[in-house]
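Listed below are the residues making up each chain.
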Amino acid sequence: MSKSWRPATQLVHGGTTRSQHGETAEAIFLTQGFVYDSSAAAEARFKGETDGFIYARYASPTNDMFEKRMCLLEGAEDARATASGMAAVSAAILCQLKAGDHIVAARALFGSCRWVVETLAPKYGIECTLVDGRDLANWEKAIRKNTKVFFLESPTNPTLEVIDIAGVAKLANQVGAKLVVDNVFATPLFQKPLDLGAHVVVYSATKHIDGQGRCLGGVVLSDKAWIDEHLHDYFRHTGPAMSPFNAWTLLKGIETLPLRVKQQTENASRLADFLAEQNEVAQVIYPGRKDHPQADIIAKQMTGGSTLVCFELKGGKDAAFALQDALEVVKISNNLGDAKSLITHPSTTTHKNLTDEARAELGLSSGTLRFSAGIEDSEDLIEDFARALSKIKA
Ligand SMILES: Cc1ncc(COP(=O)(O)O)c(C=O)c1O
């Protein structure tokens, strides 16, 4: 395997190991355990004197292929595949903290991620300060003597705010804290948090990595020293491991990631430009447009736009519901990154648990919709929106 292969090649071949049958496609090893030739062989495996698998909660062959392929794509030394994106987020954060520690996190987070830092962590004596992550001064002001973890997603779900990852990483390094980045919205193709100085990257593989609406998955990536010190034991003993069947599904999904993300980004970009010209639309936020509020940071840290578009309708919730209900090609779903175009109304779905005040802070109004571009023909998507918008005009 060559580490110098370009991403599209790594995503088809990277990390593959073959059984004695020499199968073309990656094999699924649906096994809980592994057998040993002798008692001494079992003892040696447990002592770490010989390589090999012990138990599927720790590691298993199909998961190992998925983890290795993700490491090649991300430029990470090591990874652990988890049952869902939330298993990855909570493991990455909690494995390195104890009572008395402090997290600084951006307030613009996917609802469940915010719950982990804002509600769950304090139950175990871990303090958390949420900041408006767009301004580096806010991160700096929130630092305390016991700050151990910084956490952010960029672009954010759903309003596509962007945070200066290198800037936050620099602050984290100054106080010996670790920066964990949820890179779901950027995809591993458009943003490399580890290159920007982040210490840990997490994904919901459920999104673009599967990209075909089939299974849940997640992955935590970092350097070997961090995984060995913090995640290794936590992962073994709390059991968030991915199912080997899902690892196999995701290995097949990831082969086509660049093709899908390219088409999805083209579709999102065309739709963002179309929506920006419509009278019913108050605002369009799209990381690929020059009028994105943080276009300068995007130019510094991202190599592509986004497969998502956030836009606000002047007519509020009624208009948002009417538009969603009138769409035919685009389906109403809170998922994202799928081959099928999806739309959701965040304030009544993914972000319904936030207070009105917290939603207002994020710029999330009752007229805000989040569109996740699929791989359909962009003309059909634009026609679908044009027809649906004409219905809300009527
Ligand atoms: C930014 C972000 N992080 C994490 C997750 C959680 O992923 P999963 O649903 O695979 O647990 C999501 C899911 O929607 C998300 O949008």
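Residues numbered from 1 in each chain as written. Predicted model: local features only at pLDDT ≥ 70, side-chain atom pairs only at ≥ 80, totals over all residues. Heavy atoms only, no water.

Q: Teacher, can you tell me more about the nonpolar core here?
A: Within soluble globular proteins, side chains that are nonpolar generally end up buried alongside one another. With 31 residues, the main nonpolar core has F66, M70, I209 and L221 as its most contacted residues. Mapped by element, the contributors of at least two residues to this core are α3 (61-74), β1 (78-82), α8 (187-190), β6 (200-204), β7 (218-222), α10 (244-255), α11 (257-276) and α12 (295-301). If you count residues domain by domain, this core takes at least three from each of domain 1 (2-255) and domain 2 (257-393). Setting aside its immediate chain neighbours within four residues, I209 contacts F66, M70, P188, Y203, L250, G253, I254, L257 and R260. (Core = buried A, V, L, I, M, F, W, Y, C linked by side-chain atoms within 4.5 Å. Buried < 20%, exposed > 50% of the residue type's maximum accessible area, 1.4 Å probe, protein only. Helix = DSSP H or I, 4+ residues; strand = E, 2+ residues; numbered from the N terminus. Domains from an automatic or database assignment. Contact = heavy atoms within 4.5 Å.)

Q: Would you mind showing me how to read the sheet that holds β7 here?
A: Whether parallel or antiparallel, the strands of a sheet pair through hydrogen bonds between backbone atoms. Read from one edge to the other, the open sheet built from seven strands follows the order β1-β7-β6-β5-β4-β2-β3, with strand pairing classed as mixed. Each of the sheet's edge strands pairs with one partner strand only, and the pair in question is β1 and β3 (127-131). Pairs of neighbouring strands in the sheet enclose a mean axial angle of 20°, with direction left out of account. Bridge count for strand β2 (residues 102-106) against β3 is five bridges, and the pairing is parallel. Residue pairing in the sheet places V104 in a bridge with T129 of β3. Taken strand by strand, helix α4 (residues 85-94) contacts β1, β2, β4 (147-153), β5 (178-182), β6 and β7, and its axis lies near 160° from that of β6. (Pairing = 2+ DSSP bridges. Axes fitted to C-alpha atoms, helices over the stretch in contact; angles between N-to-C directions.)

Q: Is there a simple way to explain the site of the ligand in this structure?
A: The ligand sits among 13 residues. The nearest are G85, M86, D182, S204 and T206. Contact between the ligand and D182: a nitrogen atom at 2.6 Å from a side-chain N or O atom of the residue. One of the side-chain N or O atoms of K207 is found 3.0 Å from an oxygen atom in the ligand. Protein chains shield 90% of the accessible area of the ligand, which is 390 Å² for the free molecule. (Near = heavy atom within 4 Å. Polar contact = N/O pair within 3.5 Å; in protein donor to acceptor, adjacent residues only side chain to side chain. Areas by Shrake-Rupley, 256 points an atom, 1.4 Å probe, with all protein chains shown as cover.)

Q: What is the right way to read α11 from this model?
A: Here α11 spans 28 Å end to end across 20 residues, near enough to the 28 Å set by a 1.5 Å rise per residue. Among the residues of α11, those classed as buried are L257, R260, V261, Q264, T265, N267, A268, L271, A272, F274 and L275. (Expected span 1.5 Å × (residues − 1).)

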